[in-house]
Amino acid sequence: MAMEEIRRGEMLYEGKAKQLYTCNLPDCYVMFYKDDATAFDGKKKAKISGKGALNNAISAIFFEMLQQAGVPTHHVRKLSENESLVRKVDLFPLEVIVRNLVAGSMAKRLGLQEGTPLRHPTVEFDYKSDPLGDPLVTEEQVAVLGWATEEEVDEMRRLALRVNDVLSADLLRRNVLLVDFKLEFGKDTDGQIVVADEISPDTCRFWDVQTHAKLDKDRFRRDMGGVEEAYQEMLHRLGGVLA
Ligand code: UDP
């Protein structure tokens, strides 16, 4: 059966790295990945040519890998270089962070060396708010503030750890350590909790297994240079190409 032609409608939302559009399919949106890079809650900004296409391609590979492993996601299919078709979901106002090694804000907050191993992966919840700097919240606070029920928090935690298992194992075969990453979850029109947003070098820390070379957005955050090259390297290691 020929695939129906997707026509993009009005822009519903513009974030720092993506735009969301309505389309002619019911319960679906078109996600457009921009070349804009931001860090420190939008305080640092730049354009990185090719980043949108690379993140779109990498995210599609990860979402397809998760779906194959039985993890529900909002991803339907990649549409073009910078666009993907996604299912409509209601996002929880949370960033769900999984860590395998100490890095970033955890290293800073607790005065620990980046790369310090953890006894087992951890899941933490941040309240999604740029003006507040995405503060860490307890699971109890999430529930009492009505952002998600206790059962929904448990389901997000379970899915986040499953995502970690699937992606970490695949990446290790490609000589990449999954240090930490951020997920966003939403509820689809049937009430099912699914992984949404993107999974890319903007939202994960990837280190080369041997050298610990950074293949992610830390190259931008820390002015290390070679940002686009690192994202290209990740797509290459995942066996993907820019269509
Ligand atoms: N992360 C993200 N968006 C955010 C905050 C964090 O995608 O708003 C990702 C980040 O790329 C890293 C992981 O979540 O892979 C953990 O980030 P951390 O809490 O260390 O914060 P950071 O210091 O990177 O802002």
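Residues numbered from 1 in each chain as written. Predicted model: local features only at pLDDT ≥ 70, side-chain atom pairs only at ≥ 80, totals over all residues. Heavy atoms only, no water.

(A) Spotlight on the side chain of Asn 164. Along the chain, Asn 164 turns up in helix α4 (residues 150-173). The residues touching Asn 164, leaving out its near neighbours within four places in the chain, are Val 98, Asn 100, Pro 121, Ala 169, Leu 178 and Phe 181. (Helix = DSSP H or I, 4+ residues; strand = E, 2+ residues; numbered from the N terminus. Contact = heavy atoms within 4.5 Å.)

(B) Representation of the site of the ligand in the model. Around the ligand, the surrounding shell holds 15 residues, and the nearest of these are Arg 99, Ser 105, Asp 180, Arg 205 and Arg 221. Glu 95 places a side-chain nitrogen or oxygen 3.0 Å from an oxygen atom of the ligand. Out of a free accessible area of 500 Å², the ligand has 80% covered by protein chains. At the level of secondary structure, the elements contributing two or more residues to the shell around the ligand comprise β9 (94-101), α2 (104-110), β12 (176-187) and β14 (204-208). Within the shell around the ligand, the residues separate by chemical class into 4 nonpolar, 3 polar and 8 charged. (Near = heavy atom within 4 Å. Polar contact = N/O pair within 3.5 Å; in protein donor to acceptor, adjacent residues only side chain to side chain. Areas by Shrake-Rupley, 256 points an atom, 1.4 Å probe, with all protein chains shown as cover. Nonpolar A, V, L, I, M, F, W, Y, C, P; charged D, E, K, R; others polar.)

(C) Examining α4 more closely. Taking 1.5 Å as the rise per residue, α4 with 24 residues should run 34 Å; its terminal C-alpha atoms sit 35 Å apart, in good agreement. Three or more residues of α4 are buried, namely Glu 152, Val 153, Met 156, Leu 159, Ala 160, Val 163, Asn 164, Val 166, Leu 167, Asp 170 and Leu 171. Once α4 ends, the next one or two residues include Asn 175, with phi positive near 70 degrees. (Expected span 1.5 Å × (residues − 1). Buried < 20%, exposed > 50% of the residue type's maximum accessible area, 1.4 Å probe, protein only.)

(D) Expanded view of the sheet that holds strand β7 (residues 83-87). Taken in spatial order, the 5 strands make up an open sheet running β1-β2-β3-β7-β6, and their pairing is antiparallel. Taken across any chain shown, the strands that pair with only one partner, and hence form the sheet edges, are β1 (8-14) and β6 (75-78). Across this sheet, the average inter-strand angle for adjacent strands is 30 degrees, counted without regard to direction. Here strand β3 (residues 28-33) pairs with β7 via 5 bridges, running antiparallel. When the sheet's bridge partners are listed, Val 30 is paired in β7 with Leu 85. Those strands touched by helix α1 (residues 51-68) are β3, β6 and β7, and its axis lies near 130 degrees from that of β6. (Pairing = 2+ DSSP bridges. Axes fitted to C-alpha atoms, helices over the stretch in contact; angles between N-to-C directions.)

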